[in-house]
Amino acid sequence: MSEVAVALPLESSAESRRKIAFVGSECYPFVKTGGLGDVMYALPRALLREGCEVRVILPLYQCIPQKFTKNLTWKGSFMMDLTLEGRTFFVGIMETEIDGVIYDLIDNKEFFDWGNPYTGLWEDIPKYCYFSKASLAALNYLEWTPDIIHCHDWQASLVPLYQKTRFWGTPVASAKTVLTIHNLRFQGICSIDHLKYWSGLPDYLFNYPELKINDQECNMFKGGLALTDWITTVSETYAEEIQTPAFGEGLDSHLRYHAPKLSGIVNGIDTEIWNPDTDQLLAAPYSAETFLERKILNKRALQESMKLEQNDGHMILGLVSRLTDQKGLDLIDAIFPSLMDGNTQVVVLGTGDPRYESAFQYYESKYPGFVSANITYNEGIAHRIYAGADAFLVPSLFEPCGLTQLIAMRYGTVPIVRETGGLKDTVAPWNAEANEGNGFTFTQYLPGRLLDAVNRAKTLFFTDRWHWDEMVRRTMLKDVSWVKSARQYLDLYDSLCEDEAES
Ligand code: ADP
Ligand code: GLC
């Protein structure tokens, strides 16, 4: 792990430091399937630099590599009741510290010994009922009472419900809760009987519209959003979008109702992990000063390792993504033959929907030397694509924030994005007259619009390299760090705690 200078504000003392508990289902470097894992790693570190004390609570999944589990310290264990029948389950707390952030991993083999880390909703619902309740119980057990419990996505969304019912009167009940929506598409929907049984939450909660969808089904995320003290989502535009039927995933009216306690704070990236100047995974590290001579070395290395035709003049389009409908892959599929002009290469890294996996494999066989489809999850390849590609595709149908365009910009790889969610908030469109912008954008979700944006990028790349390089330099210098957003979170935490002090 890299060294972090923990510069505490002068007035910070152990007593005055805000205590924040993060609760979520994944966290880099232990376990990551997407951007949630990145945020659970990077935001606590940024808050630590702002003078907070931060603990991250996550499940001790079997799939966490041994190199991390072997360094955990046992902090204690206890039995906890769960389910309507009050069955008891083991809760172990295994702890480690990385650069000042404390990680408490909840140990229970019945729930966490299978899956990668998710399995299917039927099993995941009991798993995350257990996890949400165990997180609160662990905080009380550790006698560490946070000012704020910051919960993430549906998997941690029962925390505010447990906190305000089963944990009422215990130390942890004094905390304020924040629930962040990273992706509203996944909500933890199941039959009322299933959740009632596993959560063991009071019966009356199931009689109100907070949890219920209809007489048979309920929704964990909906319940958490209703009972949490504050809701954030990961960009300002997504905060607006989810209040409309097109993006609300059935919860738009619920979110409009709760809009007074909803705000958007855009994600950043960890600029130490994602630093092209120090990145050991690259063929040739480079900076905004050296990219002209050195980024090309990464392009050559990428072409070589991906068995692509070696040619500095070709334009490489990169894609690193979960292969799901969310990511606008049907648009890419629709225009693929039009991308292939003999001078353009495409490198894909991702896993997911078999439909997209086989489409990209098909294009690889159809266009040898011009397309490379890497159907796998691999951090090293991801770094090398961010560095070696010239432009980066993120044409998402919806995108709460999106981190890949931020990483691409940090690596001087020009993003081509659809103007939705965080993509709209983070990528300024190229403006030829003003020589401004750091990417190419389009709005309507249509293959032709994406093709038009790619063609605009190609025109600049192939015919006006001076302006292209200027844009590369601008994207590399753009602030994509967590600093500004971590301060916004801190202001939010402060205001929630001040409200408490005044009431
Ligand atoms: P989402 O969370 O919706 O998947 P984000 O853009 O927020 O999208 O974050 C995706 C993260 O996962 C980025 O760090 C990206 O580099 C990483 N990632 C996605 N797919 C892969 C893959 N196949 N191999 C390595 N990293 C990947
Ligand atoms: C989700 C979203 C993505 C966001 C990430 C981290 O997975 O799909 O847009 O960047 O969470 O907040």
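Residues numbered from 1 in each chain as written. Chains lettered and ligands numbered in written order. Predicted model: local features only at pLDDT ≥ 70, side-chain atom pairs only at ≥ 80, totals over all residues. Heavy atoms only, no water.

Asks: I tried to follow the layout of surface pockets on my own but got confused; where do I start?
Replies: If a probe the size of a water molecule is rolled over the atoms, the empty space left behind becomes visible. In this model, the largest pocket occupies a volume close to 1300 Å³. Lining of the largest pocket is provided by 50 residues; of these, E26, T33, G34, G35 and R322 occupy positions nearest its centre. Secondary-structure elements contributing two or more residues to the lining of the largest pocket are helix 1 (35–49), helix 4 (121–141), strand 12 (315–320), helix 13 (379–388), strand 15 (391–394) and helix 14 (404–410). Residues from two domains meet in the lining of the largest pocket; each of domain 1 (19–268 + 483–502) and domain 2 (291–477) gives at least three. (1 Å grid on protein atoms, 1.4 Å probe; cavity = no way out; pocket = protein on both sides within 12 Å on 5 of 7 lines; lining within 4 Å. Points joined across faces, edges and corners; volume = space filled by probe spheres on them. Helix = DSSP H or I, 4+ residues; strand = E, 2+ residues; numbered from the N terminus. Domains from an automatic or database assignment.)

Asks: Is there a simple way to explain the site of ligand 1 in this structure?
Replies: Surveying the vicinity of ligand 1 reveals 21 residues, the closest of which are G35, D38, R322, Y386 and L403. Here an oxygen atom of ligand 1 and a side-chain polar atom of D38 are 2.8 Å apart. For ligand 1, an oxygen atom lies 2.7 Å from a polar atom in the side chain of Y386. Looking at the shell around ligand 1, the elements that each hand over two or more residues are helix 1, helix 13 and helix 14. Its residues assigned to classes, the shell around ligand 1 comprises seven nonpolar, nine polar and five charged. Shared between two domains, the shell around ligand 1 holds at least three residues of each, these being domain 1 (19–268 + 483–502) and domain 2 (291–477). (Near = heavy atom within 4 Å. Polar contact = N/O pair within 3.5 Å; in protein donor to acceptor, adjacent residues only side chain to side chain. Nonpolar A, V, L, I, M, F, W, Y, C, P; charged D, E, K, R; others polar.)

Asks: What's the story with the site of ligand 2 in this structure? I'm lost.
Replies: Every one of the 14 residues lining ligand 2 counts as a neighbour, but H182, N267, E399, C401 and G402 are closest to it. Within the contact set of ligand 2, an oxygen atom lies 3.0 Å away from a side-chain nitrogen or oxygen of Q326. For ligand 2, whose unbound accessible area comes to 310 Å², protein coverage reaches 93%. With respect to the detected pockets, ligand 2 is housed in the largest pocket. When the residues that make up the shell around ligand 2 are grouped by side-chain class, the tally is six nonpolar, six polar and two charged. Taken domain by domain, the shell around ligand 2 gets at least three of its residues from each of domain 1 (19–268 + 483–502) and domain 2 (291–477). (Areas by Shrake-Rupley, 256 points an atom, 1.4 Å probe, with all protein chains shown as cover. Sits in = over half its atoms within 2 Å of the grid points.)

Asks: Would you explain the confidence of the model for the chain in this entry?
Replies: Low pLDDT marks stretches whose predicted atomic positions should not be read closely. Per-residue confidence for the chain gives a mean pLDDT of 95, with 97% of residues at or over 70. By mean pLDDT, helix 18 (residues 483–502) is the weakest element of the chain at 92, and strand 15 is the strongest at 99. Scored below 50 in pLDDT, residues 1–12 shows 25 contacts in the model against residues more than four places distant or in partner chains. (pLDDT = per-residue confidence, 0-100. Contact = heavy atoms within 4.5 Å.)

Asks: When you look at the sheet that holds strand 16 (residues 414–418) in this model, what are you seeing that I'm missing?
Replies: In a beta sheet, neighbouring strands pair by backbone hydrogen bonds and run either parallel or antiparallel. The six strands lie next to each other as 14-13-12-15-16-17, forming an open sheet whose pairing is parallel. Pairing within the sheet leaves two strands with one partner each, and these edge strands are strand 14 (371–374) and strand 17 (440–442). Here the average twist between neighbouring strands, direction ignored, is 15 degrees. In the sheet, strand 12 pairs with strand 13 (residues 344–349) via six bridges, with the strands oriented parallel. Paired with L317 across the bridge in strand 13 is V346. Along the sheet, helix 12 (residues 354–366) makes contact with strand 12, strand 13 and strand 14, crossing strand 14 at roughly 145 degrees. (Pairing = 2+ DSSP bridges. Axes fitted to C-alpha atoms, helices over the stretch in contact; angles between N-to-C directions.)

Asks: Would you explain the pairing of strand 4 (residues 87–98) in this entry?
Replies: Side chains on a regular strand alternate between the two faces of the sheet. Pairing of strand 3 (residues 73–82) with strand 4 involves nine bridges; the strand directions are antiparallel. Within strand 4, the position partnered with G76 by the bridge is I93. Of the pairings in the sheet, the one linking strand 4 to strand 5 (residues 101–107) comprises seven bridges and is antiparallel in character. The residue of strand 5 that forms the bridge with T96 is Y103.

Asks: What exactly am I supposed to notice about the domain arrangement of the chain here?
Replies: Much of the literature gives interface size as the accessible area that the parts lose upon coming together. Domain annotation for the chain reports domain 1 (19–268 + 483–502) and domain 2 (291–477). Tallying the contact residues gives 20 residues for domain 1 and 16 residues for domain 2. Taken together, both faces of the contact between domain 1 and domain 2 bury some 1400 Å²; the carbon and sulfur share is 58%. In terms of surface lost to domain 2, no three residues of domain 1 exceed K32, R185 and T237, which account for 26% of the buried area on that side. For the pair domain 1 and domain 2, the interface holds seven residue pairs in polar contact (both at pLDDT 80 or more). Among the secondary structure elements, those contributing two or more residues to the side of domain 1 that touches domain 2 are helix 1 and helix 8 (236–241). Per element, the largest residue contribution to the side of domain 1 that touches domain 2 is four residues, and it comes from helix 8. (Buried area = accessible area lost by both parts, 1.4 Å probe.)

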